[in-house]
Amino acid sequence: MFQLDEEQRLILQSVREIVEKEIKPRAATLDETGEFPWEAVRIFSKNDILNPLLPRKYGGVEVSIYTFCMIVEEIAKACASSALLLITQAEGTWSIVYGADESLKEKYLKRLAGDSKVLTGLGAIEPSAGSGIFSLPARAELRGNQYILQGEKCYAKNGSVADFLVLYAYTDRSKGSRGISAFVVEKGFPGLVFKRDENKMGMRGAIYSEILLENLGVPRENLIGQEGEGYLIMLKTLSASRLFTAAQAVGLAQGAMEEAISYARSRVQFGKTISHYAPIQFMIAEMATGIESARLLTYKTAFLFDRGEWKKAGTHAAMAKLIASDTAMKVTTDAVQIMGGYGYMKDYPVERMMRDAKLTQIHTGTNQIMKCIIGRDLTGIS
Amino acid sequence: MFDQTSFLPTEELKNFRDRIQRAARTEIAPQASWVDEKEFFNQEVEALLWDLGLLTLTFPEKYGGYGKDRAVALCIAVEEIAKYCASSALLLIIQAVGSFPIIHGGSNELRQKYLPQMSEGRKLVAYLVTEPTSGSDIASIQTTAVKDGNEFILNGSKCFATSGGVAGIYSVLVKTSEGKGKGNSSFFLVERDTPGLSIGRAERKLGQRGSNTTEVFLENVRIPGENLLGHEGEGFIIAMKDFDMSRPAIAAQALGIAEGAFEAILQFIQEKHALETFVSDHPIIQSILADSAILIEASRGLIYRAAMLNDEGKNGTKFSSMAKCFAGDAAMKITTEAIDVIQALGGYGFLKDYQVERMFRDAKLTQIFEGTNQIQRLVIARQIIREAISSDKKE
């Protein structure tokens, strides 16, 4: 089932080399300073992996969802923030790929082609909305050739650095979720105001911004699809993001387990390396079992996406994200535990991984919400 | 919300609890975020803890100690303070841990010399046991003491010393004879300004960042023979007895952190919703609240049972380890889920503006120090087997 083809093998080999040489050595500093990973943007774009999902038609490599998941996983082993960069690019791209008409695709997707360093992102969440994203009160009103957007977005990924962002707002509140529309908004549009970047516990090398939409004028042609189609576009984008988050969590957990194993094999207590002791072996056994299970579900979900089985893929994405992120939280917490006092110190990467792992349980919908989605999908209750 | 009144045997302890609760809420709570952010050891909080008599709690009464309920009193103080600031609570614990070998091992002359100057001179104590290659395996320490006339010469490196850079007095565990066994180590009291003692760098930590953790180096440190604490070779035994006292205190710290996170969830819901209908309408939140409350109350039961056994002079080893293990794991689970709950309700528990992310980072240390929870399970199992064998013999 998991035999890699020649293309996948070559891509992953190259990603592994880049990560080892360029990403891993920068992970600690990125976390410490909380700065955006510009260097990763440069390196990824140079090596064609900043937007690997971009369709060939618009100059992209167009790898499968499965391959993309494996790329995210490889990067997350060393630096979850850098892996999040790829996920954020994919989120911005997906909304356009799946919802926009040809001319809008031509206009924006082509800008991401080749060794472009153009950044994109997504603004869906609003203060006091959280996981209930569809209670978003941002609104858009058509005036002549422009939509005028009003509101506030928080947690906008890449918000302050993106060259263009996909934003969601109500064009008709009376229609509920069917009244939501999606827009492409460029940096520099008057009325797009950046308030601040958030100070986060983990994944500090990724940017989440608070932005204000103050009479933000968006050209009519930047509406993605038709008015009211935003909800479905967002659902598809979110489903895919959950899968990518699962891949990110699997990689993060794998990276932490490798650190813990290597420490356990060298740390001597009571005359033997601690890898000899049952409590340590049990923790490692549980880590590996959890990671392999999560990885399997993640890859299965990727296959469902690649085969276009959207409904099934959506439920599976929620399951994959739930198990993978819970596994990542447990594995990283136990990795700190195995490394004891050293694990708690900033000199070793596992405390960062533990902080990073917490976000995988949260972003693209908390795991509590994942359980609601899975439960509703399986019981047919909407 | 939670109340340990049923575990407070005297009116005096209740008043003690109320006094600390007030001080913690009004004076320590406002410091918690920024000392974490800046990794700052706050001397104002230290002074407050001295004023409240909390840094001499476990001393003999004439030097400022609490009296016969001192183990319970220590847990109460730690719990109340840790609800708001785990780093400040840690200062109390380490003061008790560090002074234990002096109080219980020092000669009368040594106690009369040092306890008043620690108490009146407000000197912090650090506990120098852990070394780079010796964590859980205390018997494998490399630091040595060699006898030279009526003096000892100490050489070695200690690490992860809480209050290492701010202490005036150190209780140092060293090897006093060759071989790697439990009878080869001894505790010594070393004063900060003794030539040859130097402080290494301050560690940068995931949590409890308002506490000071450093390396301490001993290079030909010459100390008088009377600074030996206990008999020569008694170091390991003193360290184990010290654990019986410190583990319930660490557990109380974990409990306080968990309660702080729990209160944060409740407060968050209350600010935005009608608590009663909201919680019953949200089964996931309901079950998290219920599970957390169960863990909190069960932790409390174990902690105060262990502390009371210690105060009664009975063997509290098993319960001390159970309390530490259970409460540490509970605090980790509760703080991890607290972030989710706040996030799921439209707050941003993951952001540094919220207290729960700090509590999550602080909680992790409670599973690690004073013996990892893996070591606790070992201690518990050994104690159970020992008890089973001795009851067999009686029959």
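Moving on, we come to the confidence of the model for chain B. Mean pLDDT over chain B stands at 94; residues scoring 70 or higher make up 99%. Interface predicted TM-score (ipTM) for the complex: 0.87; the corresponding pTM is 0.91.

Time to look at the packing of aromatic side chains. Tallied over the entire structure, the rule returns 22 aromatic pairs over all chains. The ring centre of B:Phe243 lies 4.0 Å from the NZ or CZ of B:Arg247, which sits over that ring.

A few words on the environment of B:Ala363. Residue and element names in this part refer to chain B. On the secondary structure map, Ala 363 appears in helix H11 (residues 355-366). Looking at Ala 363, the relative accessible area reads 0%, which means it is buried. Considered as a pair, Ala 363 and Asp 137 are 226 residues apart in the sequence and their alpha carbons are 23 Å apart. Apart from the residues lying within four places of it in its own chain, the contact partners of Ala 363 are Ile 257, Ala 331, Met 332 and Thr 335.

Here we take up the nonpolar core. Membership of the largest hydrophobic core comes to 225 residues, with the highest contact counts inside it found for A:Phe244, A:Ile338 and B:Phe16. The leading source of residues in this core is helix H7 (residues 235-272) of chain B, at 20 residues. Ignoring any residue separated from it by four or fewer positions in sequence, one finds A:Phe244 in contact with A:Leu53, A:Ile65, A:Phe68, A:Cys69, A:Val72, A:Ile87, A:Ala90 and A:Trp94. Ranked by size, the runner-up nonpolar core spans 22 residues in total, among them A:Leu54, A:Val166, A:Ile233 and A:Leu238.

The subject of this paragraph is the pairing of strand S1 (residues 125-128) of chain B. Residues and elements named next belong to chain B. Burial of the side chains of S1 extends over both faces: Val 125 and Tyr 127 are buried on one face and Ala 126 and Leu 128 on the other. As judged from the four bridges shared by S1 and strand S4 (residues 169-175), these two strands associate in the parallel manner. Paired with Val 125 across the bridge in S4 is Ile 169.

A pair of packed helices is captured by two measures, namely the crossing angle of their axes and the spacing between those axes. Residues and elements named next belong to chain B. For the pair helix H1 (residues 11-28) and helix H4 (residues 70-82), the least separation of the axes is 9 Å and the interaxial angle reads 25°. The orientation of H1 with respect to H4, classified from their angle, is roughly parallel. Two packed elements cross with a definite hand, and for H1 against H4 that hand is right-handed. Residue-level inspection shows Leu 13, Phe 16, Arg 17, Ile 20, Gln 21, Ala 24 and Ile 28 of H1 in contact with H4, the latter providing Val 72, Ala 73, Ile 76, Ala 77, Glu 80 and Ile 81.

For the rest of this paragraph, the subject is the pattern of salt bridges. Enumeration over the complete set of coordinates arrives at 49 salt bridges over all chains. The shortest N-O distance in the salt bridge between B:Glu357 and B:Arg361 comes to 2.9 Å. Of this pair, B:Glu357 and B:Arg361 are both found in helix H11, four residues apart, which corresponds to roughly one turn of the helix. A relative accessible area of 1% places B:Glu357 in the buried class. Here the salt bridges do not stand alone but share partners, grouping A:Glu32, B:Asp36, B:Glu39, B:Arg204, B:Arg209, B:Glu357 and B:Arg361 into one network.

Turning our eyes to something else, we now look at the pairing of strand S7 (residues 208-219) of chain A. Residues and elements named next belong to chain A. Here S7 lies mainly inside the structure; nine of its twelve residues are buried. Of the strand pairs in this sheet, strand S3 (residues 146-157) and S7 are connected by nine bridges, and their pairing is antiparallel. Bridge pairing links Lys 157 to Tyr 208 in S7.

On to the environment of A:Tyr263, then. Residues and elements named next belong to chain A. Relative to the assigned elements, Tyr 263 resides in helix H7 (residues 230-264). Judged by its relative accessible area of 11%, Tyr 263 falls in the buried class. Taking the C-alpha atoms as reference, Tyr 263 lies 41 Å from Ala 124; in sequence the two are 139 residues apart. With residues near it in sequence (within four places) discarded, Tyr 263 still touches Ile 274, Ile 338, Met 339 and Tyr 342.

Conventions adopted
- Residues numbered from 1 in each chain as written.
- Chains lettered and ligands numbered in written order.
- Predicted model: local features only at pLDDT ≥ 70, side-chain atom pairs only at ≥ 80, totals over all residues.
- Heavy atoms only, no water.
- pLDDT = per-residue confidence, 0-100.
- Phe/Tyr/Trp six-rings, centres within 6.5 Å; stacked < 30°, edge-to-face > 60°.
- Lys NZ or Arg CZ within 6 Å of the ring centre and 35° of its normal.
- Helix = DSSP H or I, 4+ residues; strand = E, 2+ residues; numbered from the N terminus.
- Buried < 20%, exposed > 50% of the residue type's maximum accessible area, 1.4 Å probe, protein only.
- Contact = heavy atoms within 4.5 Å.
- Core = buried A, V, L, I, M, F, W, Y, C linked by side-chain atoms within 4.5 Å.
- Pairing = 2+ DSSP bridges.
- Axes fitted to C-alpha atoms, helices over the stretch in contact; angles between N-to-C directions.
- Parallel < 35°, antiparallel > 145°, perpendicular 65-115°, else oblique.
- Left-handed = near helix turned anticlockwise from the far one by under 90°.
- Salt bridge = Lys/Arg side-chain N within 4 Å of Asp/Glu carboxyl O.

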